[in-house]
Amino acid sequence: MKGKDFLTLSELEPNDLASILPVAARLKKERGKRFGSTALSGKSVALIFEKPSTRTRVSFQVAISELGGHAISLSSNELQLGRGETVEDTGHVLSRYVHGIMARVNRHADLQRLAASSSVPVINGLSDLYHPVQILADLLTLQEHKKKLKGLKVAWVGDGDNVCNSWMFGAALTGIDFVAATPKGYEPPEEVVTQAERMAREHGGSVAVVSDPGKAASGADCVITDTFVSMGLEEEKQKRIAAFIPEYQVNKPLMARAKKDAIFQHCLPAHRGEEVTADVMDGPQSVIFDEAENRLHTTKALLCFLMLGRRDYAALTP
Ligand code: CP
Ligand code: NVA
């Protein structure tokens, strides 16, 4: 692990992921029993939201509560941040109260400023550039359904957005072959692709960006998409719909290009009839609600990984 914060997923070493996912699986299996129920006892975590959230908000609150800690969920407007207090002063002050901070922000740079001015771990709960906590859940879900990660082919079809960016790092760390098919002008940022390629070379995975969705989906073990209109981009909706539909919509013919037993993932919220058809979304290959559930278990494991001492964390390892 590089540093104290979890902002992009690239902070993790493959060994860290290989430790977080089994802890998440164990916490899942033993949910409702005493296991882990005092792990965050006496610890508080601030959850800051500049944008709406269902899964991130609820999974973090429940995770912290089930680990015996205390969550404080705040919209940025409830903080003096909304009235112009600096991100840095907020980071310094919160660090005097809480033991960890999760923030969902409009600008990734603000998250970096928050992390730099906080002495406690800062977790990215989604920024314009990355959504790393989502990928922990996606990887656990993939592993549950395919019994492995290394050597799998994952096809991303749609926008080269925050979720896609973090997926590239997740794939690079786990030996997954990741192919993103995006329309021209909606590719993931070049510097992110370059960093992911470098990580992949080091750890055994691969990342590629293509324009043909059929090529990406061909022989895939998992097909993934996300909304074409991320939060904050609502004004671009019509333009984006025209650029993405019909070619970049995940539908039955596209799923037929993947392996027969391929699964379909989506971080949610989804828009049936836009990035994915209802028959795929609600069909037998879809694992979307396992994926949503796994946000809870992976968040618990991540919080323990970042906030516990080595010995206390080791006690959770299967
Ligand atoms: N997938 C996800 O992060 O969902 P929310 O926006 O509801 O938190
Ligand atoms: N790309 C989406 C993810 C939502 C969880 C967004 O940023 O709105």
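In the block above lies the structure referred to throughout.
Residues numbered from 1 in each chain as written. Chains lettered and ligands numbered in written order. Predicted model: local features only at pLDDT ≥ 70, side-chain atom pairs only at ≥ 80, totals over all residues. Heavy atoms only, no water.

Caption draft 1: The arrangement of the environment of Val23 in detail. Among the secondary structure elements, Val23 is positioned in helix α1 (residues 14-29). Exposure remark for Val23: the relative accessible area of 0% places this residue in the buried category. For the pair Val23 and Asp161, spaced 138 residues apart in the sequence, the C-alpha separation amounts to 28 Å. Residues contacting Val23, with those up to four places away along its chain left out, are Ala301, Tyr313, Leu316, Thr317 and Pro318. (Helix = DSSP H or I, 4+ residues; strand = E, 2+ residues; numbered from the N terminus. Buried < 20%, exposed > 50% of the residue type's maximum accessible area, 1.4 Å probe, protein only. Contact = heavy atoms within 4.5 Å.)

Caption draft 2: Focus on the packing of helix α5 (residues 132-146) against helix α12 (residues 288-307). Packing of α5 against α12 brings their axes to within 8 Å, and their N-to-C directions diverge by 115°. Our classification of the angle between α5 and α12 gives roughly perpendicular. Crossing of α5 against α12: the hand is right-handed. Contacts between α5 and α12 pair Val133, Gln134, Leu136, Ala137, Asp138, Leu140, Thr141, Glu144 and His145 from the former with Asp290, Glu291, Asn294, Arg295, Thr298 and Leu302 from the latter. Tallied by class, the residues present in the contact of α5 with α12 amount to 5 nonpolar, 5 polar and 5 charged. (Axes fitted to C-alpha atoms, helices over the stretch in contact; angles between N-to-C directions. Parallel < 35°, antiparallel > 145°, perpendicular 65-115°, else oblique. Left-handed = near helix turned anticlockwise from the far one by under 90°. Nonpolar A, V, L, I, M, F, W, Y, C, P; charged D, E, K, R; others polar.)

Caption draft 3: Layout of empty space enclosed by the protein. Under the definition given, this model contains 1 cavity of 30 Å³ or more. Empty space within the largest cavity amounts to approximately 80 Å³. Of all the secondary-structure elements, those providing two or more residues to the lining of the largest cavity are α3 (87-97) and α4 (108-117). Within the lining of the largest cavity, the residues separate by chemical class into 5 nonpolar, 1 polar and 2 charged. (1 Å grid on protein atoms, 1.4 Å probe; cavity = no way out; pocket = protein on both sides within 12 Å on 5 of 7 lines; lining within 4 Å. Points joined across faces, edges and corners; volume = space filled by probe spheres on them.)

Caption draft 4: Broad picture of the packing of α5 against helix α6 (residues 162-174). Two numbers describe how α5 lies on α6: the axes approach to 9 Å, and their chain directions differ by 50°. The pairing of α5 with α6 is recorded here as oblique in orientation. Crossing of α5 against α6: the hand is right-handed. Mapping the contact onto sequence places Pro132, Gln134, Ile135, Asp138, Leu139 and Leu142 in α5 and Val163, Ser166, Trp167, Gly170 and Thr174 in α6. Residues of the contact of α5 with α6, tallied by class, amount to 6 nonpolar, 4 polar and 1 charged.

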